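Residue-level structural notes
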Amino acid sequence: MFLVGLTGGIASGKSSVIQVFQQLGCAVIDVDVIARHVVQPGYPAHRRIVEAFGTEVLLENGDIDRKVLGDLIFNQPDRRHLLNSITHPEICKEMMKETFKFFLRGKVGEVGQNRPTYSWKLSPVSYSSGCVTSLFRNNNSLGSRSRYRYVILDIPLLFETKKLLKYMKHTVVVYCDRDTQLARLMQRNNLNRDDAEARIKAQLPLKDKARMARHVLDNSGEWSVTKRQVVLLHAELERSLEYLPLRLGVLTGLAGIASLLYLLTHYLLPSP
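Residues numbered from 1 in each chain as written. Predicted model: local features only at pLDDT ≥ 70, side-chain atom pairs only at ≥ 80, totals over all residues. Heavy atoms only, no water.

1. Observations regarding the overall build of the chain
Here is the rule: In this description a helix means any DSSP run of H or I spanning at least four residues, a strand means any run of E spanning at least two, and both kinds are numbered starting from the N terminus. The buried label goes to any residue with under 20% of its type's maximum accessible area, the exposed label to any with over 50%, and the partly exposed label to all in between, with areas taken from a 1.4 Å probe on protein chains only. Contacts between residues were defined by any pair of non-hydrogen atoms, one from each residue, lying within 4.5 Å. Using the Shrake-Rupley algorithm and a 1.4 Å probe, accessible areas are obtained, with residue cover drawn only from the displayed protein chains.
Helices and strands together make up the secondary structure of the chain, namely 13 helices and 5 strands. Scored against the burial criterion, the 272 residues of the chain give a buried share of 42%. Contacts in the chain between residues at least 24 apart in sequence constitute 79% of all its contacts with a sequence separation of at least 6. Only carbon and sulfur atoms are counted for the fraction: they give 55% of the accessible area of the chain, which is about 15,400 Å².

2. Examining the environment of Arg211
Selection rule: Counted as a polar contact is a pair of N or O atoms within 3.5 Å, where, for protein atoms, one must be capable of donating a hydrogen and the other of accepting one, and residues adjacent in sequence contribute only when both atoms are in side chains.
Structurally, Arg211 can be placed in helix α11 (residues 206-212). Considered as a pair, Arg211 and Val173 are 38 residues apart in the sequence and their alpha carbons are 9.3 Å apart. At 2.2 Å, the side chain of Arg211 forms a polar contact with the side chain of Asp208.

3. Some words on the nonpolar core
For clarity, the cut-off: Remark: nonpolar core denotes a set of buried residues (Ala, Val, Leu, Ile, Met, Phe, Trp, Tyr, Cys) joined through side-chain atoms within 4.5 Å.
By size, the foremost hydrophobic cluster in this structure holds 39 residues, and its most contacted members are Ile49, Phe53, Val151, Leu153 and Met168. The set of elements that each furnish at least two residues to this core consists of α2 (31-37), α3 (44-53), α4 (66-73), α5 (77-105), β3 (150-154), α8 (158-161), β4 (170-175) and α11. Ranked by residues supplied to this core, first place goes to α5 with 7 residues. Apart from the residues lying within four places of it in its own chain, the contact partners of Phe53 are Leu69, Leu72, Ile73, Arg79, Leu82 and Leu83. Within the second largest apolar cluster, 19 residues are counted, among which are Phe2, Leu24, Tyr150 and Val230.

4. Here's the deal with the pattern of salt bridges
What counts here: Within this document, salt bridges are pairs made up of a side-chain nitrogen of Lys or Arg and a carboxyl oxygen of Asp or Glu, the two lying within 4 Å of each other.
Within this structure, the stated rule accounts for 9 salt bridges. Note that Lys101 and Glu98 form a salt bridge whose closest N and O atoms lie 3.1 Å from each other. Within this pair, Lys101 and its partner Glu98 are both found in helix α5, separated by 3 residues, close to a single helical turn. According to the relative accessible area criterion, Lys101 is partly exposed, its value standing at 40%. The exposure class assigned to Glu98 is partly exposed, which follows from its relative accessible area of 25%.

5. So, the packing of α4 against α5
This is how it is decided: In this analysis an axis means a line fitted to C-alpha atoms, helices contributing only their contacting stretch, and an angle means the value between N-to-C directions, from 0 to 180 degrees. In this scheme, roughly parallel covers angles under 35 degrees and roughly antiparallel covers those over 145, while 65 to 115 is roughly perpendicular and the rest are oblique. The nonpolar class holds Ala, Val, Leu, Ile, Met, Phe, Trp, Tyr, Cys and Pro. Asp, Glu, Lys and Arg form the charged class, and all remaining residues, Gly among them, are polar.
Direction vectors running N to C along α4 and α5 enclose 130°, while the axes themselves pass 7 Å from each other. In terms of axis orientation, α4 runs oblique to α5. From α4, Leu69, Leu72 and Ile73 reach across to α5, where they touch Arg79, Arg80 and Leu83. Counted by class, the contact of α4 with α5 contains 4 nonpolar, no polar and 2 charged residues.

6. Focus: the packing of helix α1 (residues 14-23) against helix α12 (residues 223-239)
Here is the rule: Throughout, a crossing is termed right-handed when the near helix is turned clockwise from the far one, and left-handed when it is turned anticlockwise from it by less than a right angle.
Remark: α1 packs on α12, axes separated minimally by 10 Å, with the N-to-C direction vectors making an angle of 50°. Between α1 and α12, the angle falls in the class oblique. Crossing of α1 against α12: the hand is right-handed. Of the residues in α12, those in contact with Ser16, Val17, Val20 and Phe21 of α1 are Trp223, Thr226, Lys227 and Val230. Of the residues that constitute the contact of α1 with α12, the class distribution is 5 nonpolar, 2 polar and 1 charged.

7. So, α3
Cut-off, in case you're wondering: In this context, the arc is that of the directions from the helix axis out to the C-beta atoms.
Taken as a whole, α3 has its buried residues at Ala45, His46, Ile49, Val50 and Phe53. Projected down its long axis, α3 carries its buried residues within an arc of 135°, all on one side. Those residues of α3 hidden inside the fold are in contact with α4 and α5. Phi turns positive one or two residues past the end of α3, at Gly54, with a value near 90°.

8. Section: the confidence of the model for the chain
To keep it simple, the criterion reads: Residue-level confidence of the predictor is summarised by pLDDT, bounded by 0 at the bottom and 100 at the top.
Residues at a pLDDT of 70 or more form 78% of the chain, whose mean pLDDT is 82. Under a pLDDT of 50 for its full length, residues 107-146 has, in the predicted model, 112 contacts with residues more than four places off or in other chains.

Here it is as structure tokens:
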């Protein structure tokens, strides 16, 4: 099993792409959900945040006030680094824990259930329409392998923070051109042009993310075209053998433990 980091930008269509991945029966972990989870009251990160930033970052119910905390670290790199040093280790631990659960679970049920995801790259290889149609017809087989080959991590700030990049075997960006992004955001959020442009400018440009990613899903055009890209990437990563090193390592470790137990019982326990 290996990890695939997936990201995008505001109104680029990342959430819709994630839904397609899930329909294909892939494993998806939302790192934003994990980030909110690890700062809940009773968790180590919550206590350390209060110690570092004071009780003014707390709501009445004891939860972290994300807006107040965000204002405190805005344009203050030192405080932002302090917050990251508190939360990122906890996020990584939870991320690995969730990934290991998928590794242990192994089996994939019927396609369409609420489970994990995969990805694809806009490669220079030309796929015929017949090939794509065949892949759509065989979605069932693609999404019902006996084991997860990899896990998708939905990470909004994958390239901005770079903290989790070292764990990713593949990176994927859901891209759309600037004009399309602007039009979608204005329509979706009922914003005027200036407000929409301000929100887009607050993020790392999608064209920069696309240059850094190993795979790009271009969602600038028809949705059916994007779905084809997702299926093709799904198939490409399913065929990858990059999951083998970890699986072989685990099996080797289990074999070693079994051998040790055999030696202990054979030589140390008294014979009947």
